Amino acid sequence: MKLNVKPDINTTDTYQKLFSKLQCQDANYQSFVKNLAKYHFQVKAVIQDILECRSMEKLNAHNEKGRALLTSLREELDSLDLYGKETRDDRFIVELESQKHLLASLLREFRAANVSTLFTIEKEQRDELLQSKMEGEKSNVRLRKPQVKKDGLLNATTGVTEQLLSISRQLADTTQRSQATLDSLVSSSSTVHGTQSELENTAGTISQSSKLLNKYGRREFTDKIIMFFAFLFFLAVCLYIVQKRLF
């Protein structure tokens with residue numbers, strides 16, 4: 001079982017999409033796109049290396065490198081999510097959703113490549129074990145050496161099986177952490193939208209309050225003018241009465 005996942009940036013639709021995104025004049029957006037694309041293709045290259053390796057030592061080394069790149073990719077996604085929330089730019093939200101799907105696809109390919117390579121290594125060791133057994137039946141003198149080799153291959157096969165189980169558990173844990181991260185991002189996005197709605201409602205209430213205060217201020221000014229003219233009228237009446245009584 002062999003998967004053809006070797007990335008080719010020059011002939012795939014991924015490169016065309018990446019090129020169109022880089023036409024944007026926003027330097028921050030371009031930086032996020034470039035970094036995410038870099039990690040994406042690096043993980044693709046590691047997956048191809050895993051499919052081509054035929055020893056447990058190299059497989060473990062490729063797995064360690066792949067997990068480190070996936071961790072860096074998740075951290076870059078977290079930074080993209082945080083920046084998108086701060087700027088409230090729809091481009092970053094759309095890009096984040098697209099990168100979530102790419103990350104899930106990469107995890108599936110990474111796991112499938114590991115399982116395929118482990119089965120291939122185990123099959124080759126079993127074939128070697130059977131071949132040594134057939135050669136060992138030719139003579140009693142040669143029986144001891146193949147027997148030792150047989151025991152070593154049995155131990156190696158057992159070790160491969162244990163490695164397969166260990167890697168499967170690690171990949172399952174990685175998938176669970178990725179799912180938890182995606183759930184957290186969705187929850188954070190919902191919280192941000194809810195906060196935005198509350199702020200908009202609060203802004204509307206403040207605007208209405210400001211209008212009411214301005215209206216009450218105008219009424220107060222009008223009341224002062226009316227009171228002033230009423231006072232003048234009162235003084236005029238008093239002066240008229242005094243004048244009539246004195247003269």
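No experiment lies behind these values; they were computed from the predicted model shown. (Residues numbered from 1 in each chain as written. Predicted model: local features only at pLDDT ≥ 70, side-chain atom pairs only at ≥ 80, totals over all residues. Heavy atoms only, no water.)

### Considerations on the nonpolar core
Judged by nonpolar contacts, the single largest core of 29 residues is most densely connected at Ile-47, Leu-59, Leu-80 and Phe-110. Put simply, the parts of the chain that give this core at least two residues each are helix 2 (27-52), helix 3 (56-87), helix 4 (90-136) and helix 5 (144-246). Counting residues per element, this core draws most heavily on helix 2, at 10 residues. (Core = buried A, V, L, I, M, F, W, Y, C linked by side-chain atoms within 4.5 Å. Buried < 20%, exposed > 50% of the residue type's maximum accessible area, 1.4 Å probe, protein only. Helix = DSSP H or I, 4+ residues; strand = E, 2+ residues; numbered from the N terminus.)

### Notes on the packing of aromatic side chains
For the structure on display, the rule yields five aromatic pairs. Aromatic pair Phe-32 and Tyr-83: ring centres 5.7 Å apart, planes at 50°, arrangement tilted. In this pair, Phe-32 is assigned in helix 2 and Tyr-83 in helix 3, connecting sequence segments 51 residues apart. Since its relative accessible area comes to 23%, Tyr-83 is described here as partly exposed. Considering the side-chain rings of Phe-32 and Phe-92, the 6.1 Å spacing of their centres and the 85° angle between planes classify their relative orientation as edge-to-face. With Phe-32 in helix 2 and Phe-92 in helix 4, this pair connects stretches of sequence that are 60 residues apart. For Phe-32, a relative accessible area of 11% puts it in the buried group. Taken together, the ring pairs in this structure connect Tyr-29, Phe-32, Tyr-83 and Phe-92 into an aromatic cluster. (Phe/Tyr/Trp six-rings, centres within 6.5 Å; stacked < 30°, edge-to-face > 60°.)

### With respect to the environment of Glu-64
Assignment of secondary structure puts Glu-64 in helix 3. Its relative accessible area of 56% is what places Glu-64 among the exposed residues. Along the primary structure Glu-64 and Val-46 are separated by 18 residues, whereas in three dimensions their C-alpha atoms are 9.9 Å apart.

### Some points on the pattern of salt bridges
The tally for this structure, following the rule as stated, stands at eight salt bridges. Ionic pairing is found between Glu-122 and Arg-126, a salt bridge with its closest N-O pair at 2.6 Å. On the criterion of helical spacing, the pair formed by Glu-122 and Arg-126 is a turn pair, its members being four residues apart in helix 4. Under the relative-accessibility criterion, Glu-122 is labelled buried at 7%. (Salt bridge = Lys/Arg side-chain N within 4 Å of Asp/Glu carboxyl O.)

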